[in-house]
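Overview (structure and organization)
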Amino acid sequence: MAINFLYPDYEVVRDQTKCIACRVCERQCANGVHMLDETLNLMKSDDAKCVNCHRCVSLCPTRALKIVKTDHTFKENANWTGETIKEVYRQAATGGVLLSSMGNPKPYPVYWDKLLINASQVTNPSIDPLREPMETRVYLGKKPGAIQRDQNGEIICNLTPQLELDVPVMFSAMSYGSISYNAHESLARAARALNTLYNTGEGGLHEDFYEYSANTIVQVASGRFGVHKDYLNAGAAIEIKMGQGAKPGIGGHLPGQKIVGDVSRTRMIPEGSDAISPAPHHDIYSIEDLRQLVYSLKEATDYQKPVIVKIAAVHNVAAIASGVARSGADIIAIDGFRGGTGAAPTRIRDNVGIPIELALASVDQRLRDEGIRNNVSIVVGGSIRNSADVVKAVALGADAVYIATGALLALGCHLCRSCQAGKCNWGIATQEPELVKRLNPDIGSERLVNLIHAWQHEIKEMMGGMGINSIEALKGNRLMLRGIGLNEKELGILGVKYAGE
Amino acid sequence: MRMKRIYVDEKWCLGCHLCEYNCAFSNSAETDMVKALKDVPINPRIRIEEAGNIHFAVSCRHCEEPLCMKGCIMGALSVEDGVIMIDQEKCVGCCTCILMCPYGAIMPSDTGVMQKCELCINNAGGKPACVEGCPNRAIVFEER
Amino acid sequence: MRYVIIGNSAAAVGCIEGIRQHDKENELLLIAEEPYHTYSRPAISYLLAGETTKERMKYRADGFYRKMGCTTLLGKTAAGIDAAKKRVLLEDGEAVAYEKLLIATGSRPFIPNIEGLNSVEKKYTFMSLQDAEALDSALKADSRVLIMGAGLIGLKCAEGIAHKVRQIDVVDLADRILPSILEPEAAALVQRHIEREGIRFHLSDGVTSFDRNTAVLSSEKKLSFDVLVIAVGVRPNVEIAEKAGIEVKKGIVTDASCQTSRQDIYAAGDCTESHDITTDTDRPLALLPNAYMQGECAGVNMAGGSKSYDKAMPMNAIGFFGLHMITAGSYAGERFVHREGESYKLLVRRDGVLKGFVLIGDVARAGIYTALIRERTPLESIDYELIKQKPQLMAFSRTERMKKLGGAEK
């Protein structure tokens, strides 16, 4: 046997004085970490298998378990960190591309945390959201540049289709296949209850979820999996996925073993075949090509559905967005480099793309400068973590935000970043029936609704504090933000003043 | 009689067996689960049946036509507000209720007399511990 | 409106509770020969064994009659029924008018006609509290007890008194113990267990004559004893019904509503015949659960409700010296037998349904088998191979389980 260079990342710490050997940890760990030594009547653990997902910790009835990061250490230094050394060992052992999941974990600046929100004092009174009406509803879609009237002076109602959201937060694309049926059902039910939208991702739409169509964004991606006319018409909007923040410039790969049963049917590909989404759309090499697809989709849906074009935040994002805004798209979705994924090459995830805050600010500014900001709504995603991030995004110019990692956390995800293994102990990123059933959508949808309701309350509090009673009045209102710990260049791109200015 | 009952949906049962441990704890005289259950073989009133990927919990259904009560030779079983209760002082452990119960939901206690789910009405504040502790709402306590 | 009940045991209590499910108003009168609050007759062996007390063996709590609005005439004997005038005639000459009557007179021990029986000084039966108390007072630590009958009553008596006496002999004409509920192999297993407690059996043998403290058996064996217990069977108390012109066969004949051949007169319990669904025959099924359910059914119908007593079968849960057994139904058909140590299992299948079973030792969840018989569940609709291993709901379809456990519509 080859020498194993790797020491387990986590250690399972069991307080044997509390453990009652009920074996719930053993039964709930799909990784086989825990086992009962029947002769000793003692529970034991194999640290090497632990992914630190906390399923056992959460279910242990006596709180006898905790997981700690190992303090075993390499002789590391600032350059050759333990993580770096381990990755070399891993690749030297396997010869493979390193795979990771969820978002970029590297310590790049989080600009949300360098932006501060304003509040009213004395001269412009704040508003109490418990007493005054406070509007968080937004409409996404192209807005007319001017009001048109007919010869009788009546307004000509020629508004293109709009999405109406009670709260400017949507659930971003996660395919059926990458996440489970029950995760999808939870998202769909929550979106309906919240009057917002969730997004099918590129895995097609399971027939059971057609009933949520008013709250569904159907995605068309480079693999075109599961796309057919009824699918396009089943959504309230159609999203063309050009890129994803976690892995800009590359496609996707759902291994054949996950293409089973309903997943295969929904994707319209044979069971067991790999679902490979190409890096580019092979019919799109220009904005003109994109425009053709946008209009093909509009034609297929009788111009009743807004079309979203989703791009990853990359270096040229402002120029790209400018092109997209001229393609006929109604909404641009921009995904920052901290956005999650079910699986991406580690190097791509950790090194490609740019922060969403900078991308948003530059896109909003560019579209304003070009006088085409009203052509499109802007939706941003890629690690929106809380209601303050939402408020800051809107103040930087977003019409709404996409969340996914936050939504998964609400469903029980513990960010163990092992989605690619398909053994999600929380029933989210798995297709194994006995794991999928761990996520009861009654509970999942309730928790999602709770989360967004809580955020909505907080958004109203912050708006009230600023003396703003409508989210529309906050949009692009960068005077409500101040920077801290930022250099001139960053302040310039973000279009905000320094704190104290 | 319309009343809250325990219902089980095997679709959501994970076979984690927490209900059994919560039951055993709730029906112990202890206030600390570790003290109650450490190194103690449990004898809960709710039991998981499992085969392959199917799991479900079985406990007293509190039948409207309680055959256990009708069959009890000692009059140890009675219905109080729809809840079938056992008087363990009266029970002599003859097992007639085991003969009668179509769900297999009554069983000997550690002392040999019978025990059954009484919906925790005499402990845990009237909320069945199996329901409270179920991580996936596979066991619910509601009126249907 | 007045309901009258003759009797005060399980069938009578069932009737009271059945009536009160539907009629909380009208007058309810109970007449019973025994002067006691209702008590559990099967408990008497546990009383002698010290496992219960007279207080704890009350079949219903103190205050039961009051709560049920039931007047009692305890210690009064009903001598006759004037069905035409709808009156119960008491031995003391009084008459009690009824509109609906329940006869729940139970059964009495059968006393065989054996030569010399009169010469036996200490002889007892074992059915009532009075019997038990009389027997108990006759027992001494060095008593030798002879029990006639190795049936349920005889053996429960043996168990109840085993710790109090020097020696117990049990004689039975049958070739095995518990002949009414066990077949030879299972009976032998239980017999071995009981013999370990020092109890001696004389089977395929009967007492031909007594001479004071000696019994002569048909095998010509002579057994000396101090105390004799007669437990060779019971006879239904049907005389009062017969005299009233009610149809009686092996017991009082009733229909599915528990009404006798006379309008407004119902009967329940050991004095009646039941229809055994496992053999499709009518005979007395002198068992407490059946008595209660018959009584309840009668009560419901007497009070204007609607209920049928149509799922009767022989069934017993009994244990001796820590060995439990549960049996039900009849044993003719395709058999499945499983033995393991002191555990024994017999399942009998006939006409596609379960007809009977015997469980000895491990009796857990036996009621699941009982329900298969009672509900005549087609075995092809369940996983019979699985349920043979042990009683479990897993053997039913998912839909069926949803009905049983999930509250899905029946």
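Residues numbered from 1 in each chain as written. Chains lettered and ligands numbered in written order. Predicted model: local features only at pLDDT ≥ 70, side-chain atom pairs only at ≥ 80, totals over all residues.

1. Side note on the overall build of chain A
Across its full length, chain A holds 16 helices and 21 strands. Relative to a compact globule of 501 residues, whose C-alpha radius of gyration would be 23 Å, chain A shows 24 Å and is just as compact. With respect to the principal axes defined by its C-alpha atoms, chain A has extents near 90 × 60 × 45 Å. Split into buried and exposed, the 501 residues of chain A put 50% on the buried side. Across chain A, every contact between residues at least 6 apart in sequence was considered, and the portion connecting residues at least 24 apart equals 68%. (Helix = DSSP H or I, 4+ residues; strand = E, 2+ residues; numbered from the N terminus. Rg over C-alpha atoms; globule rule 2.2 N^0.38 Å. Buried ≥ 20, exposed ≤ 12 C-beta atoms within 10 Å, placed from the backbone. Contact = placed C-beta atoms within 7 Å.)

2. Points about the pairing of strand S22 (residues 323-329) of chain C
Sheet faces and side chains relate simply in a regular strand, where the side chains alternate between the two faces. All names here are of chain C. Along S22, 6 of the 7 residues are buried, which leaves the element largely enclosed by surrounding structure. Sheet analysis places strand S21 (residues 315-320) next to S22, joined by 6 bridges and oriented antiparallel. Across the sheet, residue Gly 319 finds its bridge partner in S22, namely His 324. Bridge analysis of S22 against strand S25 (residues 353-360) gives 5 bridges, and the strand direction is antiparallel. Paired with Thr 327 across the strands is Val 358, a residue of S25. (Pairing = 2+ DSSP bridges.)

3. Describing the sheet that holds strand S13 (residues 207-211) of chain C
Residues and elements named next belong to chain C. What the 3 strands build is an open sheet, ordered S13-S14-S15; its pairing is antiparallel. Every interior strand has two partners, whereas the edge strands, S13 and strand S15 (222-224), have only one. For this sheet, the mean angle separating the axes of adjacent strands, direction not counted, is 25°. Bridging between strand S14 (residues 214-217) and S15 involves 3 bridges; their strand directions are antiparallel. Residue Ala 215 lies in a different strand from S15, and its bridge partner there is Leu 223. (Axes fitted to C-alpha atoms, helices over the stretch in contact; angles between N-to-C directions.)

4. What to know about the domain arrangement of chain B
All names here are of chain B. In terms of domain boundaries, chain B breaks down into domain 1 (1-59 + 123-144) and domain 2 (64-116). Using C-alpha coordinates to define each centre, domain 1 is positioned 19 Å away from domain 2. The residue makeup of the side of domain 1 that touches domain 2, split by class, is 3 nonpolar, 2 polar and 1 charged. (Domains from an automatic or database assignment. Nonpolar A, V, L, I, M, F, W, Y, C, P; charged D, E, K, R; others polar.)

5. Here we look at the interface of chain B and chain A
The parts lose accessible area when they come together, and the size of an interface is often stated as this lost area. Contacts between the two partners involve 17 residues from chain B, matched on the other side by 17 residues from chain A. Elements that contribute at least two residues to the side of chain B that touches chain A include exactly helix H1 (18-26) and helix H2 (33-37) of chain B. For the side of chain B that touches chain A, the residue count by class is 9 nonpolar, 5 polar and 3 charged.

6. A closer look at the UniProt feature "binding site: [4Fe-4S] cluster 2" (unreviewed entry) in chain A
All names here are of chain A. Following the UniProt record, one finds the feature "binding site: [4Fe-4S] cluster 2" (unreviewed entry) at Cys 29, Cys 50, Cys 53 and Cys 56. Sequence-wise these annotated residues cover 28 residues; spatially they are packed, their C-alpha atoms never more than 10.3 Å apart. Summarising the element assignment, Cys 50 is placed in the loop between strand S3 (42-45) and helix H2 (55-59). C-beta crowding within 10 Å serves as the criterion here: with 22 such atoms nearby, Cys 50 is assigned to the buried category. If we skip the residues at most four places from it in the chain, Cys 50 touches Pro 8, Tyr 10, Val 12, Asn 31, Val 33 and Ile 67. Relative to the assigned elements, Cys 53 resides in the loop between S3 and H2. The buried category is assigned to Cys 53, around which 26 C-beta atoms lie within 10 Å. Dropping the residues within four chain positions of it, Cys 53 is found in contact with His 414, Cys 416, Asn 425 and Trp 426. (UniProt positions renumbered as here; feature names shortened; annotations may be inferred.)

7. Considering the nonpolar core
Counting residues in each nonpolar core, the largest one holds 326 residues, and the members touching the most others are A:Ile332, A:Ile334, C:Leu102 and C:Val229. Not counting residues within four places of it along the chain, the set of residues in contact with A:Ile334 comprises A:Ile311, A:Ala313, A:Val317, A:Ile356, A:Ala359, A:Leu360, A:Val363, A:Ile378 and A:Val380. (Core = buried A, V, L, I, M, F, W, Y, C linked by C-beta atoms within 7 Å.)

8. Examining the interface of chain B and chain C
The partner chain C presents 40 residues to the 30 residues of chain B that form the contact. Counting only elements with at least two residues in the side of chain B that touches chain C, the list comes to strand S1 (4-8), strand S2 (47-51), strand S3 (54-58), helix H3 (67-71) and helix H4 (96-100) of chain B. By residue number, the principal contributor to the side of chain B that touches chain C is H4(B), which donates 4 residues. For the side of chain B that touches chain C, the class distribution of residues is 18 nonpolar, 4 polar and 8 charged.

9. Some words on the domain arrangement of chain A
Residue and element names in this part refer to chain A. For chain A, the assigned domains are domain 1 (10-96) and domain 2 (138-498). Each of domain 1 and domain 2 has a C-alpha centre, and the two are 35 Å apart. Contacts between the two partners involve 9 residues from domain 1 and, on the opposite side, 7 residues from domain 2. Its residues assigned to classes, the side of domain 1 that touches domain 2 comprises 4 nonpolar, 4 polar and 1 charged.

10. Regarding unusual backbone geometry
For residues that are not glycine, phi is negative in most cases, and the peptide bond is trans in most cases. Its identity is not glycine, yet A:Asp302 carries a phi of approximately 60°, on the positive side. Along the chain, A:Asp302 falls in the loop between helix H7 (287-300) and strand S15 (307-312).

11. Focus: the arrangement of the chains
The pair of protein chains exhibiting the most contacts, out of 2 pairs of chains in contact, is chains B and C. With no contact between them, chain A and chain C keep their nearest C-alpha atoms 16 Å apart.

12. Notes on the sheet that holds strand S19 (residues 400-403) of chain A
Residue and element names in this part refer to chain A. The strand order across the open sheet built from 8 strands is S9-S19-S18-S16-S15-S12-S11-S10, with neighbouring strands paired in parallel fashion. Two strands lie at the open edges of the sheet, namely strand S9 (169-171) and strand S10 (198-199), each paired on one side alone. Two strands pair when backbone bridges link them, and strand S11 (residues 216-220) and strand S12 (residues 237-241) are joined in this way by 4 bridges, in the parallel orientation. Following the sheet pairing, Val 220 is matched in S12 by Ile 240.

13. Describing the packing of helix H11 (residues 387-396) of chain A against helix H14 (residues 441-466) of chain A
Residue and element names in this part refer to chain A. Look at H11 against H14: their axes get within 9 Å of each other, and the N-to-C directions meet at 50°. For the element pair H11 / H14, the angle class is oblique. Crossing handedness for the pair H11 and H14: right-handed. On H14, the residues that touch Ser 387, Ala 388, Val 390 and Val 391 of H11 are Trp 455, Glu 458, Ile 459 and Met 462. (Parallel < 35°, antiparallel > 145°, perpendicular 65-115°, else oblique. Left-handed = near helix turned anticlockwise from the far one by under 90°.)

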